[in-house]
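Remarks on the overall topology
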Amino acid sequence: MSWRGDLPVACWRADEASAIIPVEAESTSDGVFLATHTSIPIIRRDQVDSAVGGTVVDEQSLLRAVQELPEDQPIIPILGKSGTGKSHLVRWLRVNLKTTDKTRLIFVPKHRMSLRGILELILQHATSKRAEELRARVATAVDAASDETEARLRLRNALAVLVETRGARKDGTPEENELREYLASPTGLPALLGDPVFRNRLLADDGLIARLVREKLSGKGTEDKEDAFGFSATDLNLSVDDVSKAGADAASVAGVLTSDVSLRDLAAKMLNEQLGPAVSEVFGIGGDDLKQLLVELRLDLREQGLELLLLIEDFSIFQGIQGGLIDAITLIPTADVALCPMRVVMAVTTGYFVNQMPETVYTRTYKVFDLELPADRKATFDPTGFAARYLNAVRVGSQIIDENHHGRLPVPNHCSQCPVQEKCHRAFGQVNDIGLFPFSKTALDLAIRSQSRDGGFVARDVLTRVLRPVLHRDQIELDEGRFPSAGFENDFRAGALDILNNIEDQVRLGTPGDPELSQRRVRMVRFWGSGNGPQNLDPTIHDAFGIPPLDGLDTAPAPLGQSPGRQEDRGQHNAELATPIPSAQSPAPTQEPHLVRAVDRWHTTGDLNQSDRNSLRNIVHAAVTAYLGFEDGYGGDGYWTSGKKELSPSFDATNSIALDDNRLQKALIPIDRTNDEDVRVLRALAWVNEAGSWVTVPNGELLQRLCVEKVRTWAARVSVSLLPQEQRDEPELVRLTHTLLTVSKALGISDAYKPDPLSRVKAIFASPPKLADAAVRPQLRRWQDRFIGTEQKPERELLQQRLLRMASYSQGSGGKPLALDLPRLLRAVRTNANTTWSEQDTNFITPLVDSVQIRIAMLEPLLKEALDLMPNVGDLGGEIAEVAKALNTVVTERSHVGDLPASIDVPALTGAAKAVKPGDLKKVEGISERLRTWDALTADERLHLVTSDWEGSAVRIRNWLNPTLAAVAALEQKLKAGSASEAQREHVEALNRLVAGLKTLSREIANVTGPEETA
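We now turn to the structure provided with this report. (Residues numbered from 1 in each chain as written. Predicted model: local features only at pLDDT ≥ 70, side-chain atom pairs only at ≥ 80, totals over all residues. Heavy atoms only, no water.)

Our focus in this paragraph is the environment of A667. Along the chain, A667 falls in the loop between β10 (657-658) and β11 (669-670). In sequence terms A667 and S656 are 11 residues apart; their C-alpha atoms lie 5.6 Å from each other. Other than its neighbours up to four places away in sequence, A667 contacts S656, A658 and R717. (Helix = DSSP H or I, 4+ residues; strand = E, 2+ residues; numbered from the N terminus. Contact = heavy atoms within 4.5 Å.)

Most of strand β5 (residues 307-312) sits inside the fold, with five of its six residues counted as buried. One ladder, built from six bridges, connects strand β4 (residues 103-108) with β5; its direction is parallel. By the bridge assignment, I106 is partnered in β5 with L310. With five bridges connecting them, β5 and strand β6 (residues 342-349) associate as parallel partners. Counted as the bridge partner of L310 is V344 from β6. Taken together, β5, helix α16 (residues 322-329) and β6 form a β-α-β motif whose crossover is right-handed. (Buried < 20%, exposed > 50% of the residue type's maximum accessible area, 1.4 Å probe, protein only. Pairing = 2+ DSSP bridges. Right-handed = clockwise from strand over helix to strand, strands pointing away.)

Counted under the stated rule, the structure contains 17 aromatic pairs. Geometrically, the ring pair formed by W3 and F437 is tilted, given 5.0 Å between the ring centres and 50° between the ring planes. Of this pair, W3 sits in the segment before α1 (14-20) while F437 sits in the loop between β9 (434-435) and α22 (441-450), and the two are 434 residues apart along the sequence. Overall, the relative accessible area of 6% leaves W3 in the buried class. Exposure remark for F437: the relative accessible area of 1% places this residue in the buried category. (Phe/Tyr/Trp six-rings, centres within 6.5 Å; stacked < 30°, edge-to-face > 60°.)

Of note, the bond from F437 into P438 is cis; its omega dihedral lies within 30 degrees of zero at 10°. For the peptide bond that leads from F483 to P484, omega is -5°, which places it in the cis range. With respect to the secondary-structure elements, P484 resides in the loop between α23 (459-479) and α24 (486-492). Non-glycine residue R408 carries a positive phi angle of around 60°. Relative to the helices and strands, R408 is located in the loop between α20 (398-406) and α21 (421-428). At N432, a residue that is not glycine, the phi angle is positive and equals roughly 55°. Structurally, the position occupied by N432 is in the loop between β8 (430-431) and β9.

Geometric values such as these leave the question of function open.
As structure tokens, this is what we get:
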């Protein structure tokens, strides 16, 4: 039993959909055509040269206009874009025109009508002797070019010759004339058209030359575009696999065309100018022949007292010979030329009519009927009424329709025989008592919207992309309980992107344990519902689709005739339907945060802008990092995040988290928009990130639990992938750790000498202090530089990277190290350094470690350098500041009596004394004492001693001592040269005491400045 009792669920047969709804209007019988015909609003314009204004009319107005066509204005064009119904209107006109015995009707269909077929259609009505000659000529000429490959080659060659002989013109601007001359030259387009390398591109099956040849030989196919074929700039943006094999001229002009779009436009224009003559030359029949044929026919019909009515479904099929057609149909009978009256109705695209028709056509046009209504013109047209006639015809079937047509009986309404008519019409809707099942007005509107181009109604698209797929494919889906199918949603999802795109609403519509039923219910509510979130629909809809309603949801059928509002209009209502956690602190937001809406859009369409993508990845990254609780090794002071990115304490958000469909397989954390759980968690995390608390997130308690479980899963995946699982490399890790500690000591990093393991770990990666001054301690500087290495071989950095690879989380296999496994590294620091390498291959690491050990053992040269630099200041007799003060007193007194030697630079002497720091003397004394006990020091103490920063103190003492010794010598010499007075003797005694102390100091620190500087 189905919802219709003993009858099937679907009230039609699938095969009738293909019979009733063809691709083109001429494919059906007259009975089916009339049974499905719907009046479409048309703009009628009396002013041919105007593209605005006009009156909204129907097809009856067109019929009357054809019947009243004046002889001097015999043309009526039907304009519109492809698929708007021009062919349908011509077909309707042909069916409804009442012609007399005096009218000869020639109907030229748009499809499967070859060049020969077109000409033979016209010749059917000709009886003159001249007509017989033309028949023979047409057959002979077209048959001569019946081989498609030959015709392609001949058309290409004809274009090359015609462009070269006729392409250069002098009626344009000087620049255009010059470019035309170049393109028409033998080295221009003719060279390109004749080049064997570019042959495949120019003669390709989907290329213009091939399509044009096919049309002339076999007629235009249903898959061919409606506009006339012609070259475009895109056709001339040529590229080939191996341009080096092309001729020099062809390669040159192809390169110029590729780089200059304006030149390509001109080249396409020049080729199109020669298409007509080329077609005439290849097929033996041209525009002049067609004109002559029509003139002969009109002369013949005039002698018989007849008139000619020409109905053309697509003017573009006359391409190549259209000039002759235009000339023939614009000829008006005169006293000298006795032509029969001729009326012409032709469907032609708006662009072709406006831009390419000659002025003579406009002067011979009676009225224009345009199927494109301007945006400011309103017309009563209901797409559901249009669809309803086809729905009824498919239910009735083509056989009954044709039988009734032949018997002059109306098409029956199939719904009148249905046992569920009343409830079906109430639930799904109806137009003039014709039910819309399996659509509703809402579902049909959304489906039509999904297939609309530029928001307009295109009859062909509604028929072939909406009605026929559903009625043909989904008839079985309905009968077998699988409707609405995934195919239905895939076809029409673009029309409902903003409806029910909230994953939480979709979850509320689910049936646990039955994902297929859950998905069908979501589709049903999305397309047949009111657009106001999760709800049960009319019970008849549930019954018809075999989808049971859910407890706890309100039944809210969509108002008939009303389409659902857009998401922006439904935000408030959706918020009211949500189930937030009760809270006394703050109410649930009525508007989803921006990132939540971005997740909804991404889930539906896959579209996500880069800024939102980065924000969402960072949110996930923060959640997982917080759960893992990575140690940065320094109590959270941000050491690892403030240094090099290789030392960051967390996995990388940009590279480790993927929301792109094409990156999911390789991502550490893939978030799949087709996975409902992934989407729910991402959406919830985005919401709580904005709200700051789960309390304010709708259904926050449930979503929080869901997020905790998912983040735990993600964190486990990160841990397994990033944290090294094997410990077989512990000996190497210990050796590397202690080697790097030794390097840090050699570079003078103080943390390396501290006893606590944490400080030592920090020292392994710390930046070294300022290295020794090469001018003062050249041996130490060279020795330290070797530990750092060169830019090509940074030794310390290489050792650090090796250590990080072994004792840190990393970004996938072989990826960048990201977070230290601190406990493991601390164990390595505490372990005895005297371990052996493991047997595994350590590549360049082993020699680096060995070289470090060798250099560390070579401290004797550094000891000698230190001893040479270190003065013995034990006999100075006081602090340097006291000695400097005494000297300053002597210098000042000698200056007052005018007896100061000229060689003494008082400011320099004073500045050097001030530069000496209070701790310099004590530091030099301490270093000297430790150097004297070198043999008793441990290896670490020796290393610390020679790398300590003490040379600055010695240099400052040297810089003071040099001018001081010189000043004392000058004063002594000056005093010895003069006669001694009592005052002078007192000064001499003080100076002698000063000199004695300074000489002692000078002898001890002479090596600080070198012999030449102490002289």
